[in-house]
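Here is what each chain is made of, one letter per residue.
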Amino acid sequence: MGRTNPTYRDALQAIEERWAEFRRALRRRDQPHFDRLFEYAREHADASGLLNHQNPLLPALLSIDLEQESRLDDHEERLEELEAAVAARDDQESAPPDANP
């Protein structure tokens with residue numbers, strides 16, 4: 001017997017195809033961002049496929065949210081590192097010069 005349900009990856013591809021006109025209507029600068037959202041959804045296709053949700057768009061949206069949350073965490077961590085580096089540099093610059101010639 002064959003599968004009665006399409007795979008999640010097939011469903012995700014069908015969603016992307018349905019949104020193709022929307023993508024074409026976007027400004028060129030926004031099209032890569034749109035494409036990236038579907039890349040994020042494909043990154044979690046294994047987990048989404050196990051869910052076997054009636055509406056495959058919902059796991060895709062959650063996958064996108066997960067990837068964006070991960071990127072946000074990475075950016076916040078990097079920002080903290082940069083702020084610490086700037087603070088350390090400012091501390092060095094404001095420290096009095098050594099008395100030893």
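Residues numbered from 1 in each chain as written. Predicted model: local features only at pLDDT ≥ 70, side-chain atom pairs only at ≥ 80, totals over all residues. Heavy atoms only, no water.

Caption draft 1: Up close: the UniProt feature "coiled-coil region" (unreviewed entry) in the protein. When the UniProt feature table is mapped onto this chain numbering, "coiled-coil region" (unreviewed entry) sits at residues 65-92. Segment residues 65-92 splits into 100% helix and 0% strand. End C-alpha atoms: 40 Å apart. (UniProt positions renumbered as here; feature names shortened; annotations may be inferred. Helix = DSSP H or I, 4+ residues; strand = E, 2+ residues; numbered from the N terminus.)

Caption draft 2: Main features of a negative patch on the surface. Taken together, Asp65, Glu69, Asp73, Asp74, Glu76, Glu77, Glu80 and Glu83 make up a surface patch of like negative charges. Mapped onto the secondary structure, Glu77 falls in helix 5 (residues 57-94). (Patch = residues over 30% accessible without salt bridge, like charges linked within 9 Å, V, L, I, M, F, W, Y side chains within 5 Å. Areas by Shrake-Rupley, 256 points an atom, 1.4 Å probe, with all protein chains shown as cover. Salt bridge = Lys/Arg side-chain N within 4 Å of Asp/Glu carboxyl O. Lys, Arg positive; Asp, Glu negative; His and termini not counted. Charge placed at Lys NZ, Arg CZ, Asp CG, Glu CD.)

Caption draft 3: Fine view of a nonpolar patch on the surface. Taken together, the side chains of Leu57, Leu58 and Leu61 define a hydrophobic patch exposed on the protein surface, amounting to about 230 Å² of accessible area. With respect to the helices and strands, the residue Leu58 is situated in helix 5. On the basis of relative accessible area, Leu58 is assigned to the partly exposed category, the value being 43%. (Buried < 20%, exposed > 50% of the residue type's maximum accessible area, 1.4 Å probe, protein only.)

Caption draft 4: The nonpolar core, seen in detail. Judged by nonpolar contacts, Tyr8, Leu12, Ile15, Phe34, Phe38, Tyr40, Ala41, Ala45, Ala60 and Ile64 together constitute the single largest core of 10 residues. Where this core is concerned, the elements lending two or more residues are helix 1 (8-18), helix 3 (31-43) and helix 5. No other element matches helix 3, which puts four residues into this core. Apart from the residues lying within four places of it in its own chain, the contact partners of Ala41 are Tyr8, Leu12, Ala60, Ser63 and Ile64. (Core = buried A, V, L, I, M, F, W, Y, C linked by side-chain atoms within 4.5 Å. Contact = heavy atoms within 4.5 Å.)

Caption draft 5: Quick look at the side chain of Ser48. Its place among the elements puts Ser48 in helix 4 (residues 45-51). In terms of polar contacts, Ser48 uses its side chain to reach the side chain of Ser63, at 3.4 Å. With residues up to four places along the chain from it excluded, the contact list for Ser48 reads Tyr8, Pro59 and Ser63. (Polar contact = N/O pair within 3.5 Å; in protein donor to acceptor, adjacent residues only side chain to side chain.)

Caption draft 6: Fine view of the packing of aromatic side chains. Applying the stated criterion across every chain, the model contains three aromatic pairs. For the pair Trp19 and Phe22, a centre-to-centre distance of 5.2 Å together with 85° between the ring planes defines the contact as edge-to-face. Summarising the aromatic geometry, the rings of Phe22 and Phe34 are spaced 6.0 Å apart at their centres and angled 45° between planes, so their arrangement reads as tilted. Highlighted residues: Phe22 in helix 2 (residues 20-25) and Phe34 in helix 3, separated in sequence by 12 residues. (Phe/Tyr/Trp six-rings, centres within 6.5 Å; stacked < 30°, edge-to-face > 60°.)

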